[in-house]
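# What the coordinates show
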Amino acid sequence: MPGLLRGVARTAVVAGTATAVSNRVSRRQAGRWAEQDYQQQAAAQAAAPPPAAPAAPAAPAGGDMDSKLAQLQQLGALKDQGVLTDAEFEAQKARILAG
């Protein structure tokens, strides 16, 4: 009986130690992943372009075709740069053409 008790106690100690080590490794790895995520987000925010000024100047009252074309070209450039989404581009284009 003492040999059986000793074997059970040894197994409990080994299992407890293995669990403690495993938990510590898991926490350390989770901390490393969190740090990597934080660094990636910081790098992405640093690389992101600054917020743009208003998308396009207001349409002139006279509705001059040359100025409308210039505004549409500016809108196209902003869309190509990724500053405007497709929906924003379409809304601004409709506003310019209606004016």
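Residues numbered from 1 in each chain as written. Predicted model: local features only at pLDDT ≥ 70, side-chain atom pairs only at ≥ 80, totals over all residues. Heavy atoms only, no water.

### What about helix α2 (residues 65-81)?
- The first and last C-alpha atoms of α2 sit 24 Å apart over 17 residues, in line with the 24 Å expected at 1.5 Å per residue.
- Of all the positions in α2, only Lys68, Gln71, Leu75, Gly76 and Leu78 are classed as buried. Buried positions in α2, seen along its axis, are confined to an arc of 160 degrees and lie on one side of it. Opposite its buried face, α2 presents the exposed residues Asp66, Gln73, Asp80 and Gln81, each directed more than 90 degrees away.
- Considering only its buried residues, α2 is in contact with α3 (86-98). (Helix = DSSP H or I, 4+ residues; strand = E, 2+ residues; numbered from the N terminus. Expected span 1.5 Å × (residues − 1). Buried < 20%, exposed > 50% of the residue type's maximum accessible area, 1.4 Å probe, protein only. Arc of directions from axis to C-beta. Contact = heavy atoms within 4.5 Å.)

### Structural notes on the pattern of salt bridges
- Enumeration over the complete set of coordinates arrives at two salt bridges.
- One salt bridge connects glutamate 90 with lysine 93, and the closest N-O pair in it is separated by 3.4 Å. Linking glutamate 90 with lysine 93, this pair stays in helix α3, spanning three residues, or about one helical turn.
- Owing to a relative accessible area of 41%, glutamate 90 belongs among the partly exposed residues under this scheme. (Salt bridge = Lys/Arg side-chain N within 4 Å of Asp/Glu carboxyl O.)

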